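Residue-level listing of the chains:
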Amino acid sequence: MPKLIAKGAEASLFLEDWYGYPVVRKHRIQKPYRIPQLDLKIRGERTIREARSLSSARRAGVATPIIFHVNPDTATIHMEFISGPRVKEQLPTLSEKDRRRLFKKIGKAVARLHKHQLTHGDLTTSNLLLPSQDIVYFIDFGLATMTQNTEDFGTDLHLLRQALRSTHYSHWETCYTAFEQGYKSSYGKDASAVFRKVRAIESRGRYISERIR
Amino acid sequence: MIVLGIESTAHTLGIGVVNEEGRILADCKSVYVPEVGGIHPREAAEHHQKQLHVVLQDVFSETGVSLTEVKGIAYAQGPGLPPALRIGAVMARTLAKSLGVPLLGVNHCVAHIEQARYFCKAEKPLVVYLSGGNTQITMLEARRYRIFGETLDIALGNMLDVFARAANLTHPGGPKIEQLAKQAKGEYQELPYTVKGMDLAFSGLLTAAKRLLTNGSPLETICYSLQETSFAMVAEVVERALAHTGREEVIVTGGVAANARLREMLALVAEEQSAKFASVPPKYAGDNGSMIAYNGLLMLHAKTTTPLSKSKVRPKWRLDQIDIPWGE
Ligand SMILES: Nc1ncnc2c1ncn2[C@@H]1O[C@H](COP(=O)(O)OP(=O)(O)O)[C@@H](O)[C@H]1O
Ligand SMILES: [Mg+2]
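Residues numbered from 1 in each chain as written. Chains lettered and ligands numbered in written order. Predicted model: local features only at pLDDT ≥ 70, side-chain atom pairs only at ≥ 80, totals over all residues. Heavy atoms only, no water.

Caption draft 1: Looking closely at the coordination of the magnesium ion (ligand 2). Residues and elements named next belong to chain A. Only Asn127 (OD1) and Asp140 (OD) from the protein coordinate the magnesium ion (ligand 2), and they sit 2.2 Å from it. Of this pair, Asn127 sits in the loop between β6 (118-119) and β7 (128-132) while Asp140 sits in the loop between β8 (135-138) and β9 (145-146), and the two are 13 residues apart along the sequence. Taking relative accessible area as the criterion, Asp140 reaches 16% and is therefore assigned buried. (Donors = N, O, S within 2.8 Å, 3.2 Å for Na, K, Ca; no water. Helix = DSSP H or I, 4+ residues; strand = E, 2+ residues; numbered from the N terminus. Buried < 20%, exposed > 50% of the residue type's maximum accessible area, 1.4 Å probe, protein only.)

Following this line, the structure appears as structure tokens:
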């Protein structure tokens with residue numbers, strides 16, 4: 001009997017048996033709020049995008065669940081079950097030192113993705129799993145893109161920064177600073193160009209006085 | 001005891017009055033409609049200046065209250081267009097000084113949200129704030145509105161307004177687009193759909209919709225496609241924010257909240273995530289004076305009045321920069 005383990009924003013996730021191996025079936029369910037044309041397209045596209053990017057990320061040296069089966073028509077992916085908490089729940093329980101260590105590691109991993117021209121597209125602490133102290137799994141690649149554009153890398157960082165500021169406001173600065181250190185150590189000297197983009201993105205489009213006519 | 005509030009951040013000059021419990025006693029306004037193109041800050045300010053006394057008259061004839069009952073003067077201090085903001089600020093300072101009552105500098109975004117929470121009777125909601133100048137998904141947590149998602153370029157309402165003008169629809173464009181969309185009979189034209197995490201972008205969508213216009217696609221079809229695409233984007237990020245935060249209530253406010261199709265979509269999103277949904281009454285979705293008055297009341301209760309030395313307008317005042325003493 002499949003067991004519902006999570007109801008995410010896009011998908012329902014079931015724990016199932018795959019020839020004796022525990023797997024997660026991620027099913028992007030139909031959304032009643034959007035019209036069928038749009039709904040089908042989004043679910044199909046995201047499924048393919050996620051399956052591809054989970055593999056690309058893995059090739060880039062970032063831990064992701066192994067894929068067993070993909071079906072864009074039903075918008076389902078069968079993937080390795082990763083047993084462990086999400087960073088979202090784990091973060092508040094960690095010591096300051098462990099938090100720093102963790103986010104340095106996350107920074108290095110994201111830089112590795114970017115060096116392989118891959119963005120994650122939805123970097124929040126809900127999409128990072130911690131099966132053990134030393135390994136962070138990246139999941140939920142439905143919004144990932146292949147790109148060489150610094151702007152896109154900056155957007156990835158901005159999304160993480162925003163998620164930290166809003167969800168983990170007591171710790172966000174420590175986490176983000178450690179993240180930047182990790183990112184820089186792996187991405188190299190061009191990291192500062194990405195950091196500049198983050199600032200540019202965040203000063204854009206936010207004020208009524210800048211509305212276009 | 002009553003509080004008077006003045007709104008003058010953009011198109012609307014609004015003056016409202018609330019009583020001690022926050023009930024609205026008056027809500028009067030005069031809206032500046034540009035003859036051509038978008039809002040011209042100086043023209044808006046001139047309009048507000050001319051209409052101040054008319055609208056104030058309306059308020060007092062509507063409520064029957066007298067100035068002596070006023071125990072605080074609230075005004076929208078920002079964010080907004082500097083020349084327009086200044087009209088409200090000058091009026092507020094003058095009134096507060098002559099009546100000898102505290103001045104209350106209100107953040108326009110917080111005011112929208114607090115008024116919506118009041119009407120929706122929502123304790124700890126996820127707030128979807130969609131207007132001509134702002135597009136934000138936010139939540140009050142530990143005395144601050146935390147921003148989970150927002151637009152990376154232009155606001156949703158701004159996008160709709162600009163498109164409406166390109167299509168030669170008369171002001172205000174939002175309701176016209178909504179009407180036309182209803183006549184489309186389900187013909188959908190694909191438009192760019194841009195969601196980044198919990199953030200959104202609308203300028204690509206606007207450009208593509210304008211292109212359909214010049215290519216001669218039926219206006220009804222474009223309006224329908226524009227709404228379905230942009231609202232689905234909003235719905236998706238709202239769902240993402242609900243899943244990420246686990247909040248059990250979601251409310252919508254800002255001018256675009258007056259759109260019935262948008263409200264319908266958000267209600268369905270809430271259902272998907274087992275959350276309750278409520279919207280600000282359409283009458284109060286847009287800019288109004290009573291929301292400023294109500295926020296002023298909250299500030300008065302929290303004893304956070306604005307000294308004259310700190311009463312300058314703040315055109316770029318961000319929602320997440322403000323301490324919310326009632327949001328413990
Ligand atoms: N491979 C996996 N192993 C274990 N748990 C998972 C796995 N994939 C997802 N989950 C759980 O399901 C939740 C939602 O999955 P996610 O892929 O992020 O879907 P959504 O796009 O709906 O957010 C995650 O936050 C996580 O708790
Ligand atoms: Mg997720």
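Caption draft 2: Main features of the packing of aromatic side chains. This model, assessed by the stated rule, comprises eleven aromatic pairs over all chains. Measuring from centroid to centroid gives 5.1 Å for Phe119(B) and Tyr284(B), while their planes differ by 25°, and the two rings are stacked. Here Tyr284(B) lies in the loop between β12 (276-279) and α9 (289-301) and Phe119(B) lies in helix α3 (residues 108-120), a separation of 165 residues in the sequence. Ring pairs connect the aromatic residues Phe153(A), Tyr176(A), Phe179(A), Tyr183(A), Tyr187(A) and Phe195(A), which therefore count as one cluster. Just above the ring of Trp172(A) sits the side chain of Arg165(A); from NZ or CZ to the centre is 4.8 Å. (Phe/Tyr/Trp six-rings, centres within 6.5 Å; stacked < 30°, edge-to-face > 60°. Lys NZ or Arg CZ within 6 Å of the ring centre and 35° of its normal.)

Caption draft 3: Seen up close, the confidence of the model for chain B. In the predicted model, chain B carries a mean pLDDT of 96, and 100% of its residues have values of at least 70. The ipTM value of the predicted complex is 0.94, and its pTM value is 0.95. (pLDDT = per-residue confidence, 0-100.)

Caption draft 4: Just the site of ligand 1, in detail. Residue and element names in this part refer to chain A. Every one of the 19 residues lining ligand 1 counts as a neighbour, but Glu10, Lys26, Glu80, Ile82 and Asp140 are closest to it. Within the side chain of Lys26, a nitrogen or oxygen atom sits 2.7 Å from an oxygen atom of ligand 1. A distance of 3.3 Å is found between an oxygen atom of ligand 1 and a side-chain nitrogen or oxygen belonging to Arg86. For ligand 1, whose free accessible area comes to 550 Å², the fraction covered by protein is 90%. Elements with a contribution of two residues or more to the shell around ligand 1: β2 (11-18), β3 (21-28) and β5 (76-80). Taken together, the residues that form the shell around ligand 1 break down as eleven nonpolar, three polar and five charged. In terms of domain composition, the shell around ligand 1 takes at least three residues from each of domain 1 (3-80) and domain 2 (87-212). (Near = heavy atom within 4 Å. Polar contact = N/O pair within 3.5 Å; in protein donor to acceptor, adjacent residues only side chain to side chain. Areas by Shrake-Rupley, 256 points an atom, 1.4 Å probe, with all protein chains shown as cover. Nonpolar A, V, L, I, M, F, W, Y, C, P; charged D, E, K, R; others polar. Domains from an automatic or database assignment.)

Caption draft 5: Inspection of the confidence of the model for chain A at higher detail. For chain A, the mean per-residue pLDDT works out to 94, and 95% of the residues sit at or above 70. The low-confidence segment residues 207-213 of chain A, where pLDDT is below 50, has 32 contacts with residues more than four positions distant or belonging to other chains. (Contact = heavy atoms within 4.5 Å.)

Caption draft 6: Examining the environment of Arg261(B) more closely. Mapping Arg261(B) onto the fold places it in helix α8 (residues 260-272). A C-alpha to C-alpha distance of 33 Å links Arg261(B) and Trp326(B), two positions 65 residues apart in sequence. Leave out the neighbours within four places in its chain, and Arg261(B) touches Tyr33(A), Ile35(A), Glu178(B), Gln227(B), Glu228(B) and Phe231(B). At a separation of 2.7 Å, a polar atom in the side chain of Arg261(B) contacts the side chain of Glu228(B).

Caption draft 7: Just the packing of helix α3 (residues 96-115) of chain A against helix α5 (residues 172-187) of chain A, in detail. All names here are of chain A. Between α3 and α5, the shortest axis-to-axis distance is 6 Å and the interhelical angle comes to 40°. In terms of axis orientation, α3 runs oblique to α5. As for the relative orientation of α3 and α5, their crossing is right-handed in sense. Of the residues belonging to the contact of α3 with α5, the class tally is nine nonpolar, seven polar and seven charged. (Axes fitted to C-alpha atoms, helices over the stretch in contact; angles between N-to-C directions. Parallel < 35°, antiparallel > 145°, perpendicular 65-115°, else oblique. Left-handed = near helix turned anticlockwise from the far one by under 90°.)

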